[in-house]
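# Working through the structure, step by step
This is what each chain is made of:
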Amino acid sequence: MKKIDVSIIVPVYNGEKTIENCLKSLLEQTLKKIEIIVIDDGSCDKTAEILDSMQQKDPEVLRVIHQENTGVWRARKNAITLAQGRYIGFCDADDIVERQMYQVLFEKIVEQNAEIAVCSYQRYKEGQPVGKPEMQWSDDVLEIGRETLGLLALVNTALWNKLYNAEILKKAVEFSEPPRIAEDMMMILSIIPYVKRIAFVEQAMYHYNVYDGSAMNSISEIDAQKTMNAMVALKKQMPLCYNELVDIMAFIHIGISLPIGLYSNPEKHKTIKFGFIREYLNRNFPKWKKNNYTRTGYVWKNRKMLKIWGVQKIYQLHLFTFFVRIYIFIVSRFNVNLKW
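First, a word on what this report is: a plain description of the structure on this page. (Residues numbered from 1 in each chain as written. Predicted model: local features only at pLDDT ≥ 70, side-chain atom pairs only at ≥ 80, totals over all residues. Heavy atoms only, no water.)

Under the counting rule described, the total for this entry stands at twelve salt bridges. For the salt bridge of Glu-143 with Arg-197, the shortest nitrogen-to-oxygen distance reads 2.1 Å. One end of the pair, Glu-143, is in strand β8 (residues 141-143); the other, Arg-197, is in strand β10 (residues 197-209), with 54 residues separating them in the sequence. Here the residues in one salt-bridge network are Arg-76, Asp-92 and Asp-184, joined through shared partners. (Salt bridge = Lys/Arg side-chain N within 4 Å of Asp/Glu carboxyl O. Helix = DSSP H or I, 4+ residues; strand = E, 2+ residues; numbered from the N terminus.)

Rendered as structure tokens:
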């Protein structure tokens, strides 16, 4: 049996316009001991035909699994069980990667004896780069310990610009009702108890394509409720010593990002009750408002936490509704991507 260093998982649903370019960038990787597992999650366009044709040309590298539509969470989890690589990476079906990405990440994660390796990424919109590369980290390695655990709130929670130890990733939480929003964050957060070292690569090797109709810009109230329920279920499965990290992550993704996504939906923003989200946080994640990772001393030592601390204060002053309106106005009026 061929030894596999890296398994790359690509979930796709109705991706006929982008999947070919995505897979071409993966098939051209300089790292040769790889496999690409594509989970066709019940596509009803020409995605299946494209995938089968490409698999015939590269059957030793490209594995295509057709399944009924179950959503991206279960598509990824199914692929994880099939992966043969020592390490696992993810790529979204509408993105592309640089040719050397997985070789660089593989060499980094092995060299640093890390459980996760992260590279910078560049946003693109309509083929043009947007802003500067993101996720650049000043240090090569983040050692996870009591004092540094809070810094994980600053590491982007997308699955796709990272490489993971396969055995650790297989320990990711399972949900009876998986979320559609913030699912990447929950998968990563659920494996943090097994992570001791995260290695960083400054190069921007992942091309993340941004669309106006992305999931975070079209959140429904049902999606929001599923995400809120899943976050509570995740906390129950995490060790108690991670409560403060879980609570601050809930504040960021449920208290801030989720209402911003809801407010971005023109059909929903007039009916949003921000007080309901505050009550949800108070009831399930009470350490969002008095957290060791946002105390003055911690923020002073780790200035990158300043934005989280600032929005926390806005929340506590009951000014969050005003903050969201200003945020949405600036983003829509000037067509910029503000990272609060």
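Summed over the entire model, instances satisfying the criterion amount to 16 aromatic pairs. Pairing Tyr-87 with Phe-106 gives two aromatic rings, centres 5.9 Å apart and planes at 75°, and the pair type is edge-to-face. Remark: Phe-106 occurs in helix α4 (residues 101-111) and Tyr-87 occurs in strand β4 (residues 87-90); sequence separation between them is 19 residues. Using a relative accessible area of 13% as the deciding quantity, one classes Phe-106 as buried. Consider the rings of Trp-288 and Tyr-315, whose centres lie 5.3 Å apart with planes at 65°: the pair is edge-to-face. Pair noted here: Trp-288 is in the loop between α9 (274-284) and α10 (296-301) and Tyr-315 is in helix α11 (residues 306-316), with a separation of 27 residues, a long-range link. (Phe/Tyr/Trp six-rings, centres within 6.5 Å; stacked < 30°, edge-to-face > 60°. Buried < 20%, exposed > 50% of the residue type's maximum accessible area, 1.4 Å probe, protein only.)

Along helix α2 (residues 47-57), the residues that are buried comprise Thr-47, Ile-50, Leu-51 and Met-54. Considered in projection along α2, the buried side chains sweep an arc of 95° and stay on one side of the axis. In α2, those exposed residues whose orientation departs by more than 90 degrees from the buried face are Glu-49 and Gln-56. The inward-facing, buried residues of α2 contact β1 (6-12), α1 (19-27), β2 (34-41) and β3 (62-67). (Arc of directions from axis to C-beta. Contact = heavy atoms within 4.5 Å.)

Turning our attention to the pairing of β2. Among the eight residues that make up β2, eight are buried, leaving the element largely enclosed by the rest of the structure. Neither face of β2 is open: one carries Ile-34, Ile-36, Val-38 and Asp-40, the other Glu-35, Ile-37, Ile-39 and Asp-41, and all of them are buried. Pairing analysis gives seven bridges linking β1 to β2, with the strands arranged parallel. Each bridged residue has a counterpart across the sheet, and for Pro-11 the counterpart in β2 is Ile-39. Since β1 and β2 lie parallel, the crossover through α1 that links them has a hand, and here it is right-handed. Taken together, the six bridges between β2 and β3 define a ladder with parallel strand orientation. The residue bridging Ile-36 from the neighbouring strand is Leu-62, located in β3. (Pairing = 2+ DSSP bridges. Right-handed = clockwise from strand over helix to strand, strands pointing away.)

Looking now at the nonpolar core. For soluble globular proteins, the rule of thumb is that nonpolar side chains tend to be buried together. Grouped together as the largest cluster of nonpolar side chains are 121 residues, with contacts concentrated most on Val-10 and Met-231. Apart from residues no more than four positions distant in its own chain, Val-10 is found in contact with Ile-19, Cys-22, Leu-23, Leu-26, Ile-36, Ile-37, Val-38, Ile-39, Cys-91, Asp-92 and Ala-93. (Core = buried A, V, L, I, M, F, W, Y, C linked by side-chain atoms within 4.5 Å.)

In the contact formed by helix α7 (residues 221-237) and helix α8 (residues 243-263), the axes pass within 11 Å of each other and the chain directions differ by 180°. Regarding the angle of α7 to α8, the classification is roughly antiparallel. Each of Glu-221, Ala-224, Thr-227, Met-228, Met-231 and Lys-235 in α7 lies in contact with α8, whose residues at this interface are Asn-243, Val-246, Asp-247, Met-249, Ala-250, Ile-254, Leu-258 and Leu-262. Among the residues forming the contact of α7 with α8, the class breakdown is nine nonpolar, two polar and three charged. (Axes fitted to C-alpha atoms, helices over the stretch in contact; angles between N-to-C directions. Parallel < 35°, antiparallel > 145°, perpendicular 65-115°, else oblique. Nonpolar A, V, L, I, M, F, W, Y, C, P; charged D, E, K, R; others polar.)

Bringing the environment of Glu-107 into the picture now. Mapping Glu-107 onto the fold places it in helix α4. A C-alpha to C-alpha distance of 9.4 Å links Glu-107 and Ala-117, two positions ten residues apart in sequence.

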